[in-house]
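Chains, contacts and geometry: an overview
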Amino acid sequence: CTMKRQLHLAALACAALAIETTLAAELTADDDDYQSRIHQAKLDLWLRGEFAYDYASEADASTIAANLEMQVATASFRHGPIREVRQRLYGSSCRGESCLEDLLGIRGGGGGVEYVTRLEEQLADLGTKFGQPFMDAIEKNKAEHAADCERSCELFYCAKDDGNNSDEWESRTTSFQSYSFGAVPPEDFSGEFQFPLDLIKVTQGDPLFSAEESAQVIKQAESEGVDKNEYKSGKYKLGGDWLVNLPETREWFNRALEHNLFPILHHLFPEIIRSTSVLRAHSVSLLKYNSTHPRTDIHIDNGILAMTLAMSPQSDYVGGGTFYEHMGADHVLPMDVGHGTFRPGSVRHGGHRVTAGSRYILGAFLLLEDHVEHVRRLKNRGAELRTSGDLTGAVNHFEWALALNPRCTTCLKDWAEILLSQKNFVEAEKKIRNALELLEGQDSDALFTLGLILSEQGKDDESIAVYKKSVELNGEDAELCYNLGIKLGEQGDTKGELAMYKKTVSIDGNFGGAYINMGTILASSGDLASAEVMFLKAIQCSEEVRTKGMFNLSLLLQQKANNLATSGNLEEAKAAIMEASKLLDDAKPLIDARIALGGSNSEDAMYASQFKPMRVQCHRVLGQVMAGMGDMVSCEQEFRIASEKFPDIPGIWAALSRVLEIQGKMDEAQVCKAKFEALQNSM
């Protein structure tokens, strides 16, 4: 097995044989040969399911090549990304460079056609297919990109393209560990990134800046109010602010861009960054995580490249850290103060929950002046059109983005959600399953959407299985846990349902729907005291949930009043039923206002329809309690109020007639009895 390196892909079966002899012979090769060997060894490691490559930047090429090839010789053949494709290729008879090029084409690497020429040819072909609206959208992308780049240079450091700026970055004490980007390449320029996709780069060794320097930056930012601000990002509120609002902090960041960060990015991604002069810092923020702003949801970043800089020592907080969904939520990449992560922006990642202390990070999204991100911009504009209600325009943009990159999984997911809203469940399921196939099932949001689609089709068992898989990937998603709880309840698994609601509120303490459902379960089991606590918590949540909590608590208090009255505790029964009445009276105008404004849903209408029978029942119970206490005057007053508010209810007139008879008011009693009989006869 002494085949040439370009045939190495077909020689994996004998990779371990005579390895020392092969390496010794090849150590005489020139540097280009070493780079080719390094590239090939990384490819072989990826084929064996190895996700991380650790090589020191100061090592010479021959040492790196030898180390990587030794890892190849000793690595096990584990199941890794895109298993079916790998097995199919290995079972084929391909040989030499053609086999390697086929494999590179699967993940977007390789190819010898110059980027700009290839892209323009593709855009021209798609313009012929889709017509002028597509070309107009492409021109809009270019204009927006140019404006964004110009704006970036007004706020952040931009290197001049005059040949005088240094693109080189060297360090003998800081190196990088590389991690797999996952199952799909970046959304834009997938053909430019070299294969294998070990594109998540994390600093090792010495940090990029000291703990003392970081502390000074945070002190400066806090003097500019960064710790007083918050904003919404996805499902969570984040502490912190954009650097456009922190001018002194931005000065430090601009110096770091010039002397450190831009040269590092050029060093790490030379396949798409021809010079530091094309880099643009587009959106930059300093974020603060703590127990009240604990985490982010899983998301992608809005730029071709992104970086995260750790600004707090790990000793300052408990929890926290960045994780990548395809690696598993528990696989947090270690990054102490002064260290950084550099990556393409379209990988799904999130910030783990901080439970104590404070964790500051600086996050930046980056553009390349000479690379317009057509896929990302088409996708984002499609999302905006969807929000504005232009679903046709949104679908067009998703279709165009997918024509440029058929593996744009966010495009497929957004399109599936539109189809779901249109109740086209069959096509929605096809789109979301396509996305999940590309992602090898490693996307909790896509699984959540699939769970919804299956649930709408009555496929409850499949829906539950999908929700459970999603929870395995992202157990910190409150909406996901809540939906799974509902499905388990529909299947009669009350214990599992309750567990999911408890998990929901442990993630989001203001998730009112979970409190209501827990209260309902507890009340049904006879635990009225615990149920009351749940309904009271629901009332403290959003207005939409608050009114539903008030209705449910009123029902519980009515039952409580009945129980107390039966046991002879009339004073407490009176207090309970009066509170039940007040809750209904307070909730009624709130829910009526929402219905009048058109912001209601079917549940609002259902609750509104229950007001009358529930309020009548409160009058009836309170009147009976008053009678039991011997206070017939108050009893009569209660039923008279009820008869004025609800004169069409026969039972109220019958009860009032009986109370009047007991007090000897026979003439009035006969009038009430006549109204009762008239209503009864008319029904």
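Structure shown above.
One structure accompanies this document, and this report is about it. (Residues numbered from 1 in each chain as written. Predicted model: local features only at pLDDT ≥ 70, side-chain atom pairs only at ≥ 80, totals over all residues. Heavy atoms only, no water.)

1. Digging into the overall build of the chain
Counted only if it meets this: Runs of H or I in DSSP of at least four residues are treated as helices and runs of E of at least two as strands, each being numbered from the N terminus. Two residues form a contact once any of their heavy atoms are found within 4.5 Å. Computed with the Shrake-Rupley method and a 1.4 Å probe, the accessible areas treat only the protein chains shown as cover for residues.
Scanning the chain from N- to C-terminus turns up 25 helices and 14 strands. Considering only contacts in the chain between residues 6 or more positions apart, those separated by 24 or more positions represent 71%. Accessible surface, the chain: about 30600 Å² in total, of which carbon and sulfur atoms supply 51%.

2. Considerations on the pattern of salt bridges
Two side chains bearing opposite charge may form a pair once their charged atoms approach each other closely. We count it as follows: What makes a salt bridge here is a side-chain nitrogen of Lys or Arg within 4 Å of a carboxyl oxygen of Asp or Glu, nothing more. We call a residue buried when its accessible area falls under 20% of the maximum for its residue type, exposed when it is over 50%, and partly exposed in between, using a 1.4 Å probe and counting protein chains only.
The tally for this structure, following the rule as stated, stands at 34 salt bridges. Residue D161 pairs with R274 through a salt bridge whose shortest N-O separation is 3.5 Å. With a gap of 113 residues between them, D161 in the loop between α7 (132-155) and β2 (174-179) and R274 in the loop between α9 (247-268) and β6 (279-289) connect regions that are remote in the sequence. Assessed through its relative accessible area of 47%, R274 is described here as partly exposed. Among the ionic pairs, E427 bridges to K430, the shortest N-O distance being 3.3 Å. With E427 and K430 both in helix α13 (residues 425-438) and three residues apart, the pair spans about one turn of that helix. Using a relative accessible area of 29% as the deciding quantity, one classes E427 as partly exposed. When salt bridges that share partners are traced, they join E325, R348, K413, D443 and D445 into one network.

3. Considerations on the state of the cysteines
Heads up, the rule is: Cysteine sulfur atoms are paired as a disulfide whenever they fall within 2.5 Å.
Under the defined criterion, the tally for this structure stands at two disulfides. For C408, the disulfide goes to C411, at an S-S distance of 2.2 Å. Taking the sign of the S-S torsion, 70 degrees for the link of C408 and C411, the bridge is right-handed.

4. A short note on the side chain of S277
Which entries qualify depends on this criterion: Definition of a polar contact: a pair of N or O atoms within 3.5 Å, with one able to donate and the other able to accept a hydrogen when the atoms are protein atoms, and with sequence-neighbouring residues admitted only if both atoms are side-chain atoms.
With respect to the element layout, S277 can be found in the loop between α9 and β6. Engagement of the side chain of S277 in a polar contact is seen with the side chain of D161, the distance being 3.5 Å.

5. Details of the nonpolar core
Heads up, the rule is: To define a nonpolar core, start from buried Ala, Val, Leu, Ile, Met, Phe, Trp, Tyr and Cys residues and group those joined through side-chain atoms within 4.5 Å.
Membership of the largest hydrophobic core comes to 67 residues, with the highest contact counts inside it found for L484, Y515, M518, F551, L553, L556 and I577. Among the elements that line this core, the one with the most residues is helix α22 (residues 602-628), at nine residues. Non-local contacts of M518, meaning those with residues more than four positions away in its chain, are made with L498, Y501, K502, V505 and M534. If you look at the next biggest cluster of nonpolar residues, it comprises 54 residues, including L208, A221, L243 and L279.

6. Focus: the sheet that holds strand β9 (residues 322-324)
The line we're drawing: A pair of strands counts as paired when DSSP detects no fewer than two bridges linking them.
What the three strands build is an open sheet, ordered β10-β9-β12; its pairing is antiparallel. A single partner strand is all that each edge strand has here, and the edge strands are β10 (332-333) and β12 (349-351). Strand direction decides the pairing type here: β9 and β10, joined by two bridges, are antiparallel. Counted as the bridge partner of T322 is L333 from β10.

7. So, the environment of T410
Within the secondary structure, T410 sits in helix α12 (residues 409-421). Taking relative accessible area as the criterion, T410 reaches 12% and is therefore assigned buried. Separated by 110 residues in the primary sequence, T410 and I300 place their C-alpha atoms 9.4 Å from one another. Ignoring any residue separated from it by four or fewer positions in sequence, one finds T410 in contact with E187, I300 and K379. Here the side chain of T410 touches E187 through a polar contact of 2.6 Å, side chain to side chain.

8. Things to note about α13
The cut-off we apply is this: In this scheme, a helix's expected span is set at 1.5 Å multiplied by one less than its residue total. What the arc measures is the spread of directions leading from the helix axis to the C-beta atoms.
Its 14 residues place the ends of α13 20 Å apart at the C-alpha level, agreeing with the 20 Å of an ideal helix rising 1.5 Å per residue. What α13 keeps buried is the set F425, A428, E429, K431, I432, A435 and L436. Across the axial projection of α13, the buried residues extend over an arc of 165 degrees, all falling on one side. The exposed residues of α13 that point more than 90 degrees off its buried face are K430 and E437. At its buried positions, α13 is contacted by α12 and α14 (444-456).

9. Let's talk about the packing of aromatic side chains
This is how it is decided: Pairing of aromatic rings covers Phe, Tyr and the six-membered ring of Trp, with a centre-to-centre limit of 6.5 Å; geometry is then stacked below 30 degrees between planes, edge-to-face above 60, and tilted otherwise. In this scheme, the term charge over a ring applies when either NZ of a lysine or CZ of an arginine sits within 6 Å of the ring centre and within 35 degrees of the ring normal.
All chains considered together, the criterion is met by eleven aromatic pairs. A centroid spacing of 5.8 Å and a plane angle of 80 degrees characterise the contact between F134 and W400, whose relative ring orientation is edge-to-face. In this pair, F134 sits in helix α7 while W400 sits in helix α11 (residues 391-404), placing the two residues 266 residues apart along the sequence. For F134, a relative accessible area of 0% corresponds to the buried category. Connected via pairs of aromatic rings, a cluster forms that spans F130, F134 and W400. Here the guanidinium or amino end of K431 rests over the ring plane of W415, the centre of that ring lying 4.3 Å away.

10. Observations concerning empty space enclosed by the protein
Under the convention used in this document: Site definitions follow a grid-based scheme: protein atoms alone, a 1 Å grid, a 1.4 Å probe that fits but cannot get out for cavities, and for pockets an open set with protein on both sides within 12 Å along at least five of seven lines, plus lining residues having an atom within 4 Å of a point. Grid points are joined across faces, edges and corners, and a volume is the space filled by probe spheres set on the points. Only Asp, Glu, Lys and Arg are considered charged in this grouping, and only Ala, Val, Leu, Ile, Met, Phe, Trp, Tyr, Cys and Pro are considered nonpolar; every other residue, Gly among them, is considered polar.
This structure, assessed with the given rule, holds three cavities of 30 Å³ or more. As a volume, the largest cavity reaches approximately 210 Å³. If you go around the largest cavity, you meet 19 residues; those closest to its centre are V184, S346, V347, R348 and L439. A class-by-class count of the residues in the lining of the largest cavity yields seven nonpolar, six polar and six charged. Estimates place the volume of the second largest cavity at around 70 Å³. Every residue along the wall of the second largest cavity is listed here: P186, E187, D188, I300, D301, G303, I304, G345, S346, E373, R376 and K379. Across the lining of the second largest cavity, the residue classes tally to three nonpolar, three polar and six charged.

11. Focus on the packing of helix α23 (residues 632-645) against helix α24 (residues 650-662)
Heads up, the condition is: Fitted lines through C-alpha atoms serve as axes, helices being fitted only where they are in contact, and the angles separating the N-to-C directions of these axes extend from 0 to 180 degrees. An angle below 35 degrees is read as roughly parallel, one above 145 as roughly antiparallel, one from 65 to 115 as roughly perpendicular, and any other as oblique. Two helices crossing with the near one rotated counterclockwise from the far one by less than a right angle form a left-handed crossing, whereas a clockwise rotation gives a right-handed crossing.
The N-to-C vectors of α23 and α24 enclose an angle of 155 degrees; their axes lie 9 Å apart at closest approach. Between α23 and α24, the crossing angle belongs to the class labelled roughly antiparallel. For the element pair α23 and α24, the recorded crossing hand is left-handed. Touching M632, C635, E636, F639, R640, A642 and S643 of α23 are I652, W653, A655, L656, V659, L660 and I662, all from α24. The residue inventory of the contact of α23 with α24, partitioned by class, reads eleven nonpolar, one polar and two charged.

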